[in-house]
Amino acid sequence: MDLQNLIRLTTGIALLTCVLAVVGVHSYASGRAQRQALVDRLSATGQIPVVGRRRHFPTLDRRLRRTKPGRKLELRLLATGLDVTPGEFFAAMLATVAGLWLIGQATLAPFFGPIAGLLGIWVAWQFLNWQRQKRIEKFINQLPELARILANATQAGLALRTAIGMAAEELEAPAGEELAKVANQLAVGASMDDALGELADRLPSRELVVLVTTLVLSNRAGGQLVSALRNLTETLEERKETRREVRTQLSQVSMTSYAVPVLGVGSLFLMNGVKDGALERMTGSPAGQAAVIIAFGLYAVGFVLIRRLSRIDV
């Protein structure tokens, strides 16, 4: 009887704790939403200044920006459009490396800890490349509309600087954000060549290079900018459709390139699951360690080769 009362009491306390936790989470979310609404309303009326989010790891960020790799990382982060500082990205990458190191060491064998850590670095850079490429692809898809807006603005008699500012206001991100940067550079005295050249460096693509070259040459030597932009708009629309068809045709090949290393890593877990401690005994000798390193190298070579063979520049 005493045991049943204890069970009922424990169950009641657990249910009460769950109810209080749900109420607390709901109250916190409601208060946070009300605070954000108040901040937005006061910011819109100008009563409080608009500030960005709080940055983490400021000391690490300052030290990274002073180094050449840190400046390269900053440029790559700007190209991705992520609201992340180099210090925050570096700290997140270190945390990912440490986590994968511990997971690989605990689930497979101690030898796989450093390999998993190196895999974390590769994953971090691949994530940046993926975000950068996704932003470039989205920007390329907006180029026909950008060329059309510039052609209409110049045909109406507006200067190219004014047309770029107008396009920055009408287009969504990333084209709007990138053109706003160009407009701000032009407003503080930068030349058209330098501002558009930095845009082409941030988001490299053949389509953007053609558009930038057309704008720079027309601004420098004059000419029929409107007709050139009209023809460029049609060409960009055709290239957009062609790129979409090529990407659809090669989607299966792209998935195969990622499936190859995943199968290799999955075979390790399968081997260790069939016989516990097999990987630890295998990597306990230099010959086993060399075999694992060679296998990972071959999987990496296969991944790179499949990606290179399936890359078609349009």
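It should be noted that the structure appears before, not after, this text.
The present account deals with the structure reproduced in this document.

1. Looking at the overall build of the chain
Within the chain, the regular secondary structure consists of 13 helices and zero strands. Reading the chain from its N end, one meets helices and strands in the order α-α-α-α-α-α-α-α-α-α-α-α-α. Put simply, the chain shows about 20,100 Å² of open surface, and 63% of that area lies on carbon and sulfur atoms.

2. Details of the environment of Ala187
With respect to the helices and strands, the residue Ala187 is situated in helix H7 (residues 175-187). Exposure remark for Ala187: the relative accessible area of 67% places this residue in the exposed category. Separated by 26 residues in the primary sequence, Ala187 and Arg161 place their C-alpha atoms 8.8 Å from one another.

3. Re the packing of aromatic side chains
Each aromatic ring pair is specified by the distance between its two centres and by the angle formed by the two planes. All told, the structure shown has five aromatic pairs when counted by the stated rule. Judged by centre distance (5.8 Å) and plane angle (80 degrees), the ring pair of Phe111 and Phe112 falls under edge-to-face. Assessed through its relative accessible area of 3%, Phe112 is described here as buried. Ring centres 6.2 Å apart and planes at 45 degrees place the aromatic pair Phe127 and Trp130 in the tilted group. Taken together, the positions of Phe127 and Trp130, both in helix H5 (residues 112-155) and three residues apart, correspond to about one turn of that helix.

4. Comments concerning a nonpolar patch on the surface
Together, Leu118, Ile121 and Trp125 give the surface a local cluster of nonpolar side chains, amounting to about 280 Å² of exposed area. Positionally, Leu118 belongs in helix H5. Owing to a relative accessible area of 58%, Leu118 belongs among the exposed residues under this scheme.

5. Thoughts on the packing of H7 against helix H8 (residues 192-202)
Two elements in contact, H7 and H8, have axes whose closest approach is 9 Å; the angle formed by their N-to-C orientations is 155 degrees. In this view, H7 runs roughly antiparallel relative to H8, as classed from their interaxial angle. The hand of the H7/H8 crossing is right-handed. Between H7 and H8, the residues in contact are Glu178, Leu179, Lys181, Val182, Gln185 and Leu186 and Met192, Ala195, Leu196, Glu198, Leu199 and Arg202, respectively. Looking at side-chain class alone, the contact of H7 with H8 contains seven nonpolar, one polar and four charged residues.

6. Considerations on the packing of H5 against H7
Between H5 and H7, the least distance of the axes is 9 Å, while the angle of their chain directions is 75 degrees. Taken together, H5 and H7 sit at an angle that is classed as roughly perpendicular. Contacts from Arg135, Phe139, Gln142 and Leu146 in H5 reach Ala175, Glu177, Glu178 and Leu179 in H7. The class makeup of the residues in the contact of H5 with H7 is four nonpolar, one polar and three charged.

7. Here's the deal with empty space enclosed by the protein
Evaluation of the coordinates by the stated rule reveals one cavity of 30 Å³ or more. Each pocket or cavity is described by its volume, and for the largest cavity that value is around 60 Å³. Along its surface, the largest cavity is lined by Leu146, Leu150, Ile164, Leu179, Leu196, Leu199, Leu208, Leu211, Val212 and Leu215. Elements with a minimum of two residues in the lining of the largest cavity: H5, H8 and helix H9 (206-221). Broken down by element, the lining of the largest cavity gets its largest block of residues, four residues, from H9.

8. Some details on the nonpolar core
Counting residues in each nonpolar core, the largest one holds 35 residues, and the members touching the most others are Leu146, Leu150, Ile164, Leu179, Leu196, Leu215 and Leu229. For this core, the elements supplying multiple residues, two or more each, are H5, helix H6 (160-170), H7, H8, H9 and helix H10 (225-249). The element contributing the most residues to this core is H5, with 10 residues. Ignoring sequence-local partners within four residues, the contact set of Leu196 consists of Ile164, Val182, Val212, Leu215 and Val216. Leu73, Leu77, Val97 and Ala124 belong to the second-largest nonpolar core, a separate cluster that totals seven residues.

9. Brief notes about unusual backbone geometry
In this structure, the amide linkage connecting Ala173 to the following residue, Pro174, adopts the cis form with an omega of 5 degrees. Structurally, Pro174 is set in the loop between H6 and H7. With a phi angle near 55 degrees, Phe57 is a residue other than glycine that sits in the positive phi range. Looking at the element boundaries, Phe57 is found in the loop between helix H1 (2-45) and helix H2 (58-65).

What counts and what doesn't
- Residues numbered from 1 in each chain as written.
- Predicted model: local features only at pLDDT ≥ 70, side-chain atom pairs only at ≥ 80, totals over all residues.
- Heavy atoms only, no water.
- Helix = DSSP H or I, 4+ residues; strand = E, 2+ residues; numbered from the N terminus.
- Areas by Shrake-Rupley, 256 points an atom, 1.4 Å probe, with all protein chains shown as cover.
- Buried < 20%, exposed > 50% of the residue type's maximum accessible area, 1.4 Å probe, protein only.
- Phe/Tyr/Trp six-rings, centres within 6.5 Å; stacked < 30°, edge-to-face > 60°.
- Patch = residues over 30% accessible without salt bridge, like charges linked within 9 Å, V, L, I, M, F, W, Y side chains within 5 Å.
- Salt bridge = Lys/Arg side-chain N within 4 Å of Asp/Glu carboxyl O.
- Axes fitted to C-alpha atoms, helices over the stretch in contact; angles between N-to-C directions.
- Parallel < 35°, antiparallel > 145°, perpendicular 65-115°, else oblique.
- Left-handed = near helix turned anticlockwise from the far one by under 90°.
- Contact = heavy atoms within 4.5 Å.
- Nonpolar A, V, L, I, M, F, W, Y, C, P; charged D, E, K, R; others polar.
- 1 Å grid on protein atoms, 1.4 Å probe; cavity = no way out; pocket = protein on both sides within 12 Å on 5 of 7 lines; lining within 4 Å.
- Points joined across faces, edges and corners; volume = space filled by probe spheres on them.
- Core = buried A, V, L, I, M, F, W, Y, C linked by side-chain atoms within 4.5 Å.

Shape is all these values report; function is a separate question.
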